[in-house]
Protein chains: 2
Amino acid sequence: MSEVTLGRYIFERLRQLLVQTVFGLPGDFNLSLLDKIYEVDGLRWAGNANELNAAYAADGYSRVKGLACLITTFGVGELSALNGIGGAFAEHVGLVHIVGVPSISSQAKQLLLHHTLGNGDFTVFHRMSNNISQTTAFISDIKSAPKEIDRCIREAYIFQRPVYIGLPANLVDINVPAMLLSTPIDLSLRENDPEAQQEVIDNILQLVSEASNPIILVDACTSRHNCNSEVEALVNKTQFPVLTTPMGKSGFNESHPRFAGVYVGTMSHVEVKNLVDGADLILAVGALLSDFNTGSFSYSYKTKNVVEFHADCIKIKQGTYPGVQMKEVLNVLLDNVDSAIKHYSPVTIPSPTLLTNSVTNSEVLSALLTQEWLWSKVSSWFKEGDIIITETGTSAFGIVQTKFPNNTIGISQVLWGSVGFTVGATLGAVMAAEEIDPNKRVILFVGDGSLQLTVQEISTMVKWETRPYLFVLNNDGYTIDRLIHGMSATYNDIQPWNNLALLPLFNAKYYDAIQVSTTDELEKLFSDEDFAINSKIRMIEVMLPRMDAPINLIKQMEFISKMNTDT
Amino acid sequence: MSEVTLGRYIFERLRQLLVQTVFGLPGDFNLSLLDKIYEVDGLRWAGNANELNAAYAADGYSRVKGLACLITTFGVGELSALNGIGGAFAEHVGLVHIVGVPSISSQAKQLLLHHTLGNGDFTVFHRMSNNISQTTAFISDIKSAPKEIDRCIREAYIFQRPVYIGLPANLVDINVPAMLLSTPIDLSLRENDPEAQQEVIDNILQLVSEASNPIILVDACTSRHNCNSEVEALVNKTQFPVLTTPMGKSGFNESHPRFAGVYVGTMSHVEVKNLVDGADLILAVGALLSDFNTGSFSYSYKTKNVVEFHADCIKIKQGTYPGVQMKEVLNVLLDNVDSAIKHYSPVTIPSPTLLTNSVTNSEVLSALLTQEWLWSKVSSWFKEGDIIITETGTSAFGIVQTKFPNNTIGISQVLWGSVGFTVGATLGAVMAAEEIDPNKRVILFVGDGSLQLTVQEISTMVKWETRPYLFVLNNDGYTIDRLIHGMSATYNDIQPWNNLALLPLFNAKYYDAIQVSTTDELEKLFSDEDFAINSKIRMIEVMLPRMDAPINLIKQMEFISKMNTDT
């Protein structure tokens, strides 16, 4: 084969980077492109229920596999996906968004086509996406097209951000040289400037050698930029205590003897807070210091000695070293840290205090379920390799109180916080999971309110016969909003649904739909060996009191409420 | 009351313009704003299932009542709504989109808040919306706020386009003078430049006086810019034949003796096509000449004498008169047209040929349903005052073949063509309809594929105990896409749902859910007097053959298919 169509070229490139599922919806300017998916071995078209869900699914898939592809159609399709793209941009998720656009000749004639604004402007949607993309290409020339596509895919992967490719309908069937595919896309990071890097290393080593109580804080971008093994090696070598943020949770093995807990500023457990307060050096890797990730900006470092490791810069105290990338720095640091830690004597790690302590067995029997009980018990049901997805709302805050087994992946949109995200993300994650290992469990915790925004993506889960666990926490409305404002306002109510009827509605053939209201019922479920095996799709509706919420959520919402009225 | 909060001010203004329902979702930066809705008499908060649906609902509401309001929250909420806003922009629908944004002080401090991109840029979403808005305001100063709000509302109403208001959470509770509310927002059009208008009128009268076979063509913007009565008066006075486009359908009384049919270029009925081909003057009012509205640009005027009346300009043959607005021109024309039409002798109007003719009674008995049969029979079931909503897809093309009773409102997103639009639009339309007259029927025709994108908005219809007719045309997938490309491709398949289980799932208490497969069954339904009364919410699933489609859709899709491969 000496030539391939441009359409196929794109998918071959994505397949080379382990993308095996493509998300999106058909639309009149992308249909010929979709044909090419079927030509590539091991690639499948998910076929989502709507474009926003498809974007969420691509995001979830990428968080598991490192890259994802989303296809929409011009105007209507691409705009529907923008909230999902914005989330991927904010939270550093690598995503290639391909938009089927009208043919070059239709654009040149400025035809008043459907899916346009009716004003002959064919670039307006591209301009809009440009605001929330790492880079974009609006393909217009077949000769430069492969190079442009490679450039976009590379940047999506390297920078872990969404990129936008506008692809005219008439170009996808035009051939390009097949031999271009035999040179892999260069995914290597460029090397750091040696002088800048040396200065960074020297300064960090100086701080390390002077510190008595250094700690390592693992945040979201550690995983996203693939620095987990470097961090683990650094912990092993230095024996510094290591903590994660809420967004960084699952970025470090919580069973590691040096793991000290999740740090959420003043809302942390007291031992964790004391450990951070007492630190005289903080090595913060992949930091994303947003409000919900920091206990409402309540970080209370006593020390000014903070080193932030980022994908595109290093910050040491008040100084910034732009362009110095953390991955190379971490590796050089590993090679040179020995002499700087000679003096260091490892501190004791506080034993992780799960809230299980607060729930005694005598209370458990046939009591009504509460969030507190749920989040303390669920840790023991999690197992190695699980993918655990928690919706913005009570779940994302509750999950912080749990302990993750090793090699879990936690997915939670803590910064962007788009309600409904997780239902789409679960579809993406479960498709990625079965590509890795069919026994890998995908576990969703979503509120009854959030579920309503994106419910139809469960239909796609059913279509593919995937086998996730869907825990629907039914607390009768938008509890998180109630905590901010409008405790009993009707705008925080939702129409109650018969949630257990959803799976049969979507024509699931082999499924469970269970409602649990008492601790006893949930305890039984968690100790059931069959239930522990992901043999079918399951919905577990967990009935909870209306105003019941994890304690750290309540504190955070008080902060938001105050901030909104601050003048 | 000498002062009102800024939040209440907005809603009082909207209420003055007959807005009685506000669409959207609660979110942490708009909660205090929502409180103010409950302070205004006769105003209600719809509380939608997601933001895109809410935007569609606002669009549907506005097409019935002339203006609508949508409220979302910063970042996540507003981006989800953009496809709906784009549709309102393309199709000239007046809409006020209010976005609850972080407080002034949060913005000033560039806090790394949730719902941001994490880069301190608080204006990025405003910039994105700016591309698809008539005008925008990002409120930052309480003093100028009322004036800015009035300006935006005025432009939404006058230009029938979406406007964007970014409203910081901390400002909604600050007071502004109540007396501002006693001066109504000035909704008058500015007067046309007298000289330009005189030239326009002279030129039109000259063309009219020279024409033997003039016709009037009514398009979408006639209704949107409120020129229906001017057009009707012009037809009554001149006796010129009048036609509508697909988007203009319902813009003129189809029972009027001078109504000659729907013109869809070469895809029109032959008598209609002959009438237009034979015309030597076309007065085109409110033209929106997009592909699907013109039979794929197949307008085949023999004459060069075309006058286009637009909201913001008049085009006469090749000349454009910018800024000359059609409403005033039509009124002046009415006053002066008498002498120019003295010579005119009215031509005979072709009798409207419904496709009923092609379906004989003997064929009807117990035959399987087809689109052809459905669209020919349904006309007799429509009644005066109905609001008839047809989804992009087979429905929007089929509806062109029906006859509308007088005072119907047809809603179809012919230009923007976003799949799933009508489910949201139906919620908006049915809430508007019950504000006008509780007996007013709202009738939706939507495909099984389109329904899946926005299905949860039926839950909001149930919540409000509205009573629409939801005809779900089940042809097992995306038939419209199949006709363009991929006749048997799996990407045009959808997961089949048990659609009749939807209303009970959403907890409807008083409803009908009916499936019809034969002409006999549908005939019985249409002759049932109880069924004709909108006493409850009804879903009627109409089972149709997979590849069955209205003939004009098939022709249009052949065109699209060709255009996509055109180089």
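Worth saying up front: this structure is predicted, and the values here are computed from it rather than measured.

Notes on unusual backbone geometry
All names here are of chain B.
Next up, step 1: One non-glycine residue, Gln239, lies in positive phi territory at about 65°.
Next up, step 2: Phi is positive for Ser250, close to 85°, though the residue is something other than glycine.
Next up, step 3: Position of Ser250 among the secondary structure elements: in the loop between β10 (242-244) and β11 (259-262).

A word on the UniProt feature "domain: Thiamine pyrophosphate enzyme TPP-binding" (unreviewed entry) in chain A
Next up, step 1: Taken from the UniProt record, the annotation "domain: Thiamine pyrophosphate enzyme TPP-binding" (unreviewed entry) applies to residues 402-484 of chain A.
Next up, step 2: The distance separating the terminal C-alpha atoms of residues 402-484 of chain A is 24 Å; by composition the span is 43% helix and 18% strand.

Observations regarding the pairing of strand β12 (residues 281-285) of chain A
Residues and elements named next belong to chain A.
Next up, step 1: Buried residues dominate β12, accounting for 5 of its 5 residues.
Next up, step 2: Of the two faces of β12, the one lined by Leu281, Leu283 and Val285 and the one lined by Ile282 and Ala284 are each fully buried.
Next up, step 3: Across 5 bridges, the pairing between strand β9 (residues 214-218) and β12 is parallel. Bridge pairing in β12 links Leu217 to Ala284.
Next up, step 4: Summarising the sheet, β12 and strand β13 (residues 306-309) pair through 4 bridges and their orientation is parallel. Paired with Leu283 across the two strands is Val307, which belongs to β13.

Some details on the packing of aromatic side chains
Next up, step 1: What the rule picks out here adds up to 38 aromatic pairs over all chains.
Next up, step 2: Centroid distance Tyr38(A) to Tyr491(B): 6.0 Å. Interplanar angle 50°. Geometry classified as tilted. In this pair, Tyr38(A) sits in the loop between α2 (31-37) and β3 (44-45) while Tyr491(B) sits in the loop between α19 (479-484) and α20 (502-505), so the two residues belong to two different chains.
Next up, step 3: For Tyr38(A), a relative accessible area of 42% puts it in the partly exposed group.
Next up, step 4: A network of ring pairs unites the aromatic residues Trp375(A), Trp381(A), Phe382(A), Phe404(A), Phe445(A), Tyr469(A), Phe471(A), Phe526(A) and Phe531(A) as a single cluster.
Next up, step 5: The residue whose ring lies beneath Arg161(B) is Phe89(B), and the NZ or CZ to ring-centre distance is 4.1 Å.
Next up, step 6: One residue, Arg441(B), lies across the ring of Trp381(B), its end atom 4.2 Å from the ring centre.

Section: the pattern of salt bridges
All names here are of chain B.
Next up, step 1: According to the stated counting rule, one finds 42 salt bridges over all chains in the structure shown.
Next up, step 2: Between Arg44 and Glu434 there is a salt bridge, with the nearest N and O atoms lying 2.9 Å from each other. Of this pair, Arg44 sits in strand β3 (residues 44-45) while Glu434 is found in helix α16 (residues 421-436), placing the two residues 390 residues apart along the sequence.
Next up, step 3: On the basis of relative accessible area, Arg44 is assigned to the buried category, the value being 17%.
Next up, step 4: Ionic pairing is found between Asp59 and Arg63, a salt bridge with its closest N-O pair at 2.5 Å. In this pair, Asp59 and Arg63 both sit in helix α3 (residues 51-65), 4 residues apart, roughly one turn of the helix.
Next up, step 5: On the basis of relative accessible area, Arg63 is assigned to the buried category, the value being 13%.

Rules and cut-offs
Residues numbered from 1 in each chain as written. Chains lettered and ligands numbered in written order. Predicted model: local features only at pLDDT ≥ 70, side-chain atom pairs only at ≥ 80, totals over all residues. Heavy atoms only, no water. Helix = DSSP H or I, 4+ residues; strand = E, 2+ residues; numbered from the N terminus. UniProt positions renumbered as here; feature names shortened; annotations may be inferred. Buried < 20%, exposed > 50% of the residue type's maximum accessible area, 1.4 Å probe, protein only. Pairing = 2+ DSSP bridges. Phe/Tyr/Trp six-rings, centres within 6.5 Å; stacked < 30°, edge-to-face > 60°. Lys NZ or Arg CZ within 6 Å of the ring centre and 35° of its normal. Salt bridge = Lys/Arg side-chain N within 4 Å of Asp/Glu carboxyl O.

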